[in-house]
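The residues making up each chain are set out below.
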Amino acid sequence: MTLLAVDDLRGGYAAADEIVKGANLSVAAGEIVALIGPNGAGKSTLLKLVAGLLRPSGGGVRFKDHDIASLVAPEISRLGLAFVPQERNVFGTMSVAENLEMGGFLDGVRARRRMAGLYERFPMLADKRRAAARTLSGGQRQILAMAIALMNAPDLLLLDEPTAGLSPKAADELFGTIVALNQSGVAILMVEQNALEALAVSARAYVLVQGRAEREGKAVDLANDPAVRDLFLGGGTAPMLAPQFPFPR
């Protein structure tokens, strides 16, 4: 079942600043889909257009058979789509528990039960529930940011550069967390500069160039495509890729 369908999407930060220039992509229920490409290709802007943080100048976005291109972010969130930005994704002076409470404000009736479930899923958050978010490590903050988004029980999670600034070990651990979330039933559309690692945990992928999806296919096929490797993955020196984790088909 197609969960998200983006059709000829265009837009940017101003009417005269069209960064996304006719992008097409889709995400099925249960998938991890990677969005890779060079800096400035419009990857993060595309996520913001889908999430309702920016207003598209053209094209369509459908989520669970709803036309969401004209909706604002809170309305889209209520439908079951959550966005985790790269930066400023936690409230640093608030405790871990307070951050989760903020994430659950759209559905306060179920917030306590969902907090308890997240503490069980992420014991680190339970251990640090009274700690200020700014005291967490980079990887811990990213887990908290995803947990805040999960407070609304989304069907689709948009992740913008989740491993940015993390050590290789922390990045590997976070990719494992992302796969575990997906296996629990959450579909994921992920923008990621660590392209090989992102492709290794994804079912499908798109290569965005100058605001358009120029290539698409199975993630493992794109990772092993010489043209893609030369353009975006540093050439042919890295080993050929096979998926690191199982994922739903």
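In what follows, the accompanying structure is described.

Conventions adopted
The numbers attached to residues start from 1 for each chain and follow its sequence in the written order. Reporting in this predicted model follows two pLDDT cut-offs: at least 70 for local features of residues, and 80 or more for side-chain atom pairs to be given and counted; totals over whole chains, interfaces and linings ignore these cut-offs and use all residues. Think of the side-chain values as coming from all heavy atoms in the structure, minus any hydrogens and water. In DSSP terms, a helix is any run of H or I states spanning at least four residues, a strand is any run of E spanning at least two, and both are numbered starting from the N terminus. By this rule the span expected of a helix is its residue count minus one, scaled by 1.5 Å. Buried residues are those whose accessible area, probed at 1.4 Å on protein chains only, stays under 20% of the maximum for their type, while exposed residues exceed 50% and partly exposed ones sit between those limits. The set of buried Ala, Val, Leu, Ile, Met, Phe, Trp, Tyr and Cys residues whose side-chain atoms join them within 4.5 Å is what this entry labels a nonpolar core. To obtain an axis, a line is fitted to C-alpha atoms, over the contacting stretch when the element is a helix, and the angle between two such axes runs from 0 to 180 degrees between their N-to-C directions. It is the rotation of the near helix from the far one that decides the hand of a crossing: anticlockwise by less than a right angle makes it left-handed, clockwise makes it right-handed. Two residues form a contact once any of their heavy atoms are found within 4.5 Å. In this classification, the charged set is Asp, Glu, Lys and Arg, the nonpolar set is Ala, Val, Leu, Ile, Met, Phe, Trp, Tyr, Cys and Pro, and all remaining amino acids, among them Gly, are polar. Any two strands with at least two DSSP-identified bridges between them are counted as paired. When a carboxyl oxygen of Asp or Glu is within 4 Å of a side-chain nitrogen of Lys or Arg, the pair counts as a salt bridge. Roughly parallel covers angles under 35 degrees, roughly antiparallel covers those over 145, roughly perpendicular covers 65 to 115, and oblique covers all other angles. Here a pair means two rings of Phe, Tyr or Trp (six-membered ring of Trp) with centres within 6.5 Å. Their orientation is stacked below 30 degrees between planes, edge-to-face above 60, and tilted elsewhere. The criterion for a charge sitting over a ring is simple: Lys NZ or Arg CZ within 6 Å of the ring centre, and within 35 degrees of the ring normal. As used in this structure description, the phrase polar contact means that two N or O atoms lie within 3.5 Å; if the pair is within protein, one of them must be able to donate a hydrogen and the other to accept it, and residues adjacent in sequence are counted only when both atoms belong to side chains.

Topic: helix 6 (residues 138–150)
Between its first and last C-alpha atoms helix 6 spans 19 Å; for 13 residues at 1.5 Å apiece the expected length is 18 Å, and the two agree. When you tally the buried positions in helix 6, you get 10 out of 13 residues, the bulk of the element.

Topic: the nonpolar core
Grouped together as the largest cluster of nonpolar side chains are 51 residues, with contacts concentrated most on Leu100, Leu125, Leu144, Leu157, Ile178 and Met190. Per-element accounting of this core gives the leading share, 8 residues, to helix 6. Of all hydrophobic cores here, the second largest spans 31 residues; its members include Leu3, Ala41, Leu49 and Ala69.

Structural notes on the packing of helix 3 (residues 96–103) against helix 6
Contact geometry of helix 3 with helix 6 gives a least axis separation of 7 Å together with a crossing angle of 35°. For the pair helix 3 and helix 6, the sense of crossing is right-handed. Only Leu144, Ala147 and Ile148 of helix 6 make contact with helix 3, whose side of the interface consists of Val96, Asn99, Leu100 and Gly103. Looking at the contact of helix 3 with helix 6, its residues break down into 5 nonpolar, 2 polar and no charged.

Some details on the sheet that holds strand 1 (residues 2–14)
Strand pairing within a sheet occurs via backbone hydrogen bonds; the two strands may be parallel or antiparallel. With respect to topology, 4 strands assemble into an open sheet ordered 2-1-4-5, the strand pairing being antiparallel. Of all the strands in the sheet, just strand 2 (17–28) and strand 5 (66–67) have a single pairing partner and so form its edges. Sitting on the sheet, helix 1 (residues 43–51) touches strand 1, strand 2 and strand 4 (58–63), and the angle it makes with strand 1 is about 110°.

Here's the deal with the environment of Pro56
If you trace the backbone, Pro56 turns up in the loop between helix 1 and strand 4. Taking the C-alpha atoms as reference, Pro56 lies 14 Å from Arg212; in sequence the two are 156 residues apart. In this structure, Pro56 is in contact with Leu9, Arg10, Leu49 and Ala69, ignoring residues within four places of it in sequence.

Description of the pattern of salt bridges
Considering all chains together, one arrives at 5 salt bridges under this definition. Residues Arg10 and Asp8 are paired through a salt bridge, measuring 2.6 Å at the closest nitrogen-oxygen approach. Judged by relative accessible area, which is 25%, Arg10 ranks as partly exposed. One salt bridge in this structure joins Glu31 and Arg204, with 2.7 Å as the shortest N-O distance. With Glu31 in the loop between strand 2 and strand 3 (32–36) and Arg204 in strand 9 (residues 204–209), this pair connects stretches of sequence that are 173 residues apart. In this structure Glu31 comes out as buried when scored by relative accessible area, which is 11%. Overall, Arg204 belongs to the buried group, its relative accessible area being 19%.

A look at the packing of helix 6 against helix 7 (residues 168–183)
At a closest axis distance of 11 Å, the pairing of helix 6 and helix 7 adopts a crossing angle of 20°. By the angle between their directions, the pair helix 6 and helix 7 is classed as roughly parallel. Crossing of helix 6 over helix 7 shows right-handed handedness. Each of Gln142, Ile143, Met146 and Leu150 in helix 6 lies in contact with helix 7, whose residues at this interface are Leu174, Thr177, Ile178 and Leu181. Here the residues of the contact of helix 6 with helix 7 sort into 6 nonpolar, 2 polar and no charged.

Re the pairing of strand 9
The buried count for strand 9 comes to 5 of 6 residues, which makes it a mostly enclosed element. Across 4 bridges, the pairing between strand 3 and strand 9 is parallel. Looking at the pairing, Ile36 lines up with Val207 of strand 9. Here 6 bridges tie strand 9 to strand 10 (residues 212–218), and the two strands are oriented antiparallel to one another. Bridging across to strand 10, Tyr206 finds its partner in Glu216. The turn linking strand 9 back onto strand 10 is made up of 2 residues, and Gln210 within it adopts a positive phi angle of 50°.

What about the packing of aromatic side chains?
One pass over the full model with this rule turns up 0 aromatic pairs. Taking the ring centre of Tyr119 as reference, the NZ or CZ of Arg129 above it sits at 4.3 Å.

A word on the side chain of Ser202
Relative to the assigned elements, Ser202 resides in the loop between helix 8 (195–200) and strand 9. Its relative accessible area of 2% is what places Ser202 among the buried residues. Looking at Ser202, its side chain comes within polar contact range of the main-chain oxygen of Ala198, at 2.7 Å.

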